[in-house]
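Understanding the architecture of this molecule
Residue strings, one per chain:
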Amino acid sequence: MESKNSCHLLLESFEELEDPRSAQRVKYPLNEIVFLAVTAVISGANEWDEIVDFGQEKLEWLRKYLKYEQGIPAHDTINRVIGMINYRAFEKCFLSWATLGISLPGGVVINLDGKKLRSSATKREQQTAHAQGGKSAVHLVEAWCGAFQMCLAQYKVANKSNEIAAIPVILNWLEIEGCIITIDAIGCQRSIADQIHGKKADYILALKENQEGLYLGVTESFDNLEAELASERYAEQAEQGHGREEKRICRTIPTHELPEWSWADKWAGLKQVVEVYAERKVIASGEFSTEKRYYITSLDCDAVRLNQLIRGHWAIENQLHWAMDVQFGEDASRKRSRNAAANFGLIRRIGLNLLKGYAEKISVGRKMNKCAISDAYREKIIETARSRELGGKPPDT
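Everything quoted here is computed from the prediction, not taken from an experiment. (Residues numbered from 1 in each chain as written. Predicted model: local features only at pLDDT ≥ 70, side-chain atom pairs only at ≥ 80, totals over all residues. Heavy atoms only, no water.)

**Things to note about the overall build of the chain**
Counted only if it meets this: Note on conventions: DSSP H or I runs of at least 4 residues are helices, E runs of at least 2 residues are strands, and numbering of each starts at the N terminus. Note on method: radius of gyration uses C-alpha positions; expected globular size equals 2.2 Å times residues raised to 0.38. With a 1.4 Å probe rolled over the protein chains alone, any residue whose accessible area is under 20% of its type maximum counts as buried; one over 50% counts as exposed, and the rest are partly exposed. Contacts are assigned to residue pairs with any non-hydrogen atoms lying within 4.5 Å of each other. We get accessible surface area from the Shrake-Rupley algorithm with a probe of 1.4 Å; when it comes to residues, only the shown protein chains can shield them.
Across its full length, the chain holds 15 helices and nine strands. Computed over C-alpha atoms, the radius of gyration of the chain comes to 23 Å, within 12% of the 21 Å expected from 2.2 N^0.38 for 397 residues, which places it in the range of a compact globule. Viewed in the frame of its principal axes, the chain has a C-alpha envelope of about 75 × 50 × 50 Å. Out of the 397 residues in the chain, the part that is buried amounts to 52%. At a minimum sequence separation of 6, the contacts of the chain that also span at least 24 residues come to 67%. Of the roughly 18,900 Å² of accessible surface on the chain, a fraction of 47% belongs to carbon and sulfur atoms.

This is the structure we're talking about:
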């Protein structure tokens, strides 16, 4: 059987996406519009008219993959069609493509976090009550795997408070056995811990006052903790970078040492609670700040490892959200018609996965520039980018 490259896999994954238009009125096939948008985005296009410009200039190249018998649609047609796509169906297609052929090895970390698309509604709409015609900005919950440098899933919710409902859906979608799931405080729910533990995975959940009894029990226990701890329960890490000096002290307490009234035994698989004390100094100004954060985890590992894993949760901010805003212009994007913001967010994430999946060790921005310049380079991105993932092993980084 002939092996299929990344481009064939991408096109096949979206074959089942239902075209929202009447079949009698379709001039430009849906797969042509989506493929055009993806290849334009990896070449640096952000706006609808930029996608049209790319398509018109690269029409003969695009015809190597799809027919494009009617040429390239107008920008308002692309806007309308992308906005009409059912975003839940699009999310499922993205999940099918992003996880195709991947077997997540034991110990791989998956970060779950939310992201607000700030310009997907006007400031006036966001400041006006919904009953008076107001509108919330689009909010996405995402799963990021730093080992594979891939966004594995996206799920649209109404606002940040709805992340609690989205997290179980994403966990149900993914095969997470043996993985480590990290979530911020909004995901610190017994039902979510139950779900992760039930799927034979481990968790690190940020703990705040939303779990009042447990939070008080944990903070009180750390306040009364003896100064000297066994080495496996204490770790200190210092580093300097980005104009700051930082020291992080991690301490752990096994669950059985918490007070009974904290109800720690009601949390599935809970083995340890964690305190991270951080000191930060801005080198230029001398500004100094401190912070304490608390976590619960089902992992039975030492404080050094927990310190690393907790800090690693910010990979979703540094590697996914930062790339979306800085390199793809997502935070400033004003795509607001129907489902356009959420659906174009998925197109951006397809683009990021393709760009990061290509093994050349240069920045995403440089890869986008090379895609804009060179048809041959763009072909390498879409035809070979997933070669490392299909083996089921994370790349060497």
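**What about the sheet that holds strand S5 (residues 202-207)?**
Here is the rule we go by: Should DSSP find at least two bridges between two strands, the strands are taken to pair. For helices, the fitted axis covers only the stretch in contact; all axes are lines through C-alpha atoms, and the angles between them, taken along N-to-C directions, range from 0 to 180 degrees.
Taking strand neighbours across the sheet as the criterion, the nine strands line up as S3-S2-S1-S4-S5-S9-S8-S7-S6 in an open arrangement whose pairing is mixed. This sheet does not close on itself; its edge strands, each paired only once, are strand S3 (150-157) and strand S6 (234-241). The average angle at which neighbouring strand axes cross in this sheet is 20 degrees, direction not considered. Sheet analysis places strand S1 (residues 109-117) next to strand S4 (residues 180-183), joined by four bridges and oriented parallel. Along S4, the bridge assignment pairs Leu-112 with Ile-183. Packing of helix H12 (residues 315-327) onto the sheet brings it into contact with S1, strand S2 (138-145) and S3, and relative to S1 it is tilted by some 35 degrees.

**Here's the deal with the confidence of the model for the chain**
Test applied: The quantity known as pLDDT measures the predictor's confidence residue by residue, on a range of 0 to 100.
In the predicted model, the chain carries a mean pLDDT of 90, and the fraction of residues at 70 or more is 95%. By mean pLDDT, helix H7 (residues 123-127) is the weakest element of the chain at 81, and S5 is the strongest at 98. Contacts from residues 387-392, a stretch scored under 50 in pLDDT, to residues over four places away or in other chains number 18 contacts.

**Considering the state of the cysteines**
We apply this condition: Cysteine sulfur pairs qualify as disulfides if the two atoms are within 2.5 Å.
Tallying each qualifying case throughout the model produces zero disulfides. This cysteine, Cys-250, is not joined by any disulfide, and Cys-301 carries the nearest cysteine sulfur, 8.8 Å off.

**Looking at the packing of helix H3 (residues 48-57) against helix H5 (residues 75-84)**
Where we set the bar: Rotating anticlockwise by less than a right angle from the far helix to the near helix defines a left-handed crossing, while the corresponding clockwise rotation defines a right-handed one. Three residue categories are used. Nonpolar comprises Ala, Val, Leu, Ile, Met, Phe, Trp, Tyr, Cys and Pro, charged comprises Asp, Glu, Lys and Arg, and polar comprises the others, including Gly.
Where H3 contacts H5, the axes come no closer than 8 Å and their chain directions differ by 115 degrees. Crossing hand, H3 versus H5: right-handed. Judged by residue contacts, Trp-48, Asp-49, Ile-51 and Val-52 of H3 engage His-75, Ile-78, Asn-79 and Ile-82 from H5. Class assignment of the residues belonging to the contact of H3 with H5 gives a composition of five nonpolar, two polar and one charged.

**Observations concerning the environment of Leu-17**
With respect to the helices and strands, Leu-17 occurs in the loop between helix H1 (6-13) and helix H2 (30-41). With 242 residues separating them in the primary sequence, Leu-17 and Pro-259 have C-alpha atoms 52 Å apart.

**Regarding unusual backbone geometry**
Positive phi, normally seen in glycine, also occurs at Gln-149, with a value near 50 degrees. With respect to the helices, strands and loops of the structure, Gln-149 is situated in the loop between S2 and S3. Here Lys-200, not a glycine, exhibits a phi torsion of approximately 60 degrees, which is positive. In this structure, Lys-200 sits in the loop between helix H9 (190-198) and S5. For Lys-200, a relative accessible area of 60% translates into the label exposed.

**Some thoughts on the packing of helix H14 (residues 364-373) against helix H15 (residues 375-384)**
Put simply, the rule is: In what follows, roughly perpendicular refers to angles from 65 to 115 degrees, roughly parallel to angles under 35, roughly antiparallel to angles over 145, and oblique to any angle outside these ranges.
Axis separation between H14 and H15 bottoms out at 6 Å; the angle between their running directions is 125 degrees. Put simply, H14 runs oblique to H15. Judged by the sense of rotation from one axis to the other, the crossing of H14 with H15 is left-handed. Along its contact with H14, which presents Lys-367, Lys-370, Cys-371, Ala-372 and Ile-373, the element H15 presents Asp-375, Tyr-377, Arg-378 and Ile-381. Partitioning the contact of H14 with H15 into residue classes produces five nonpolar, no polar and four charged.

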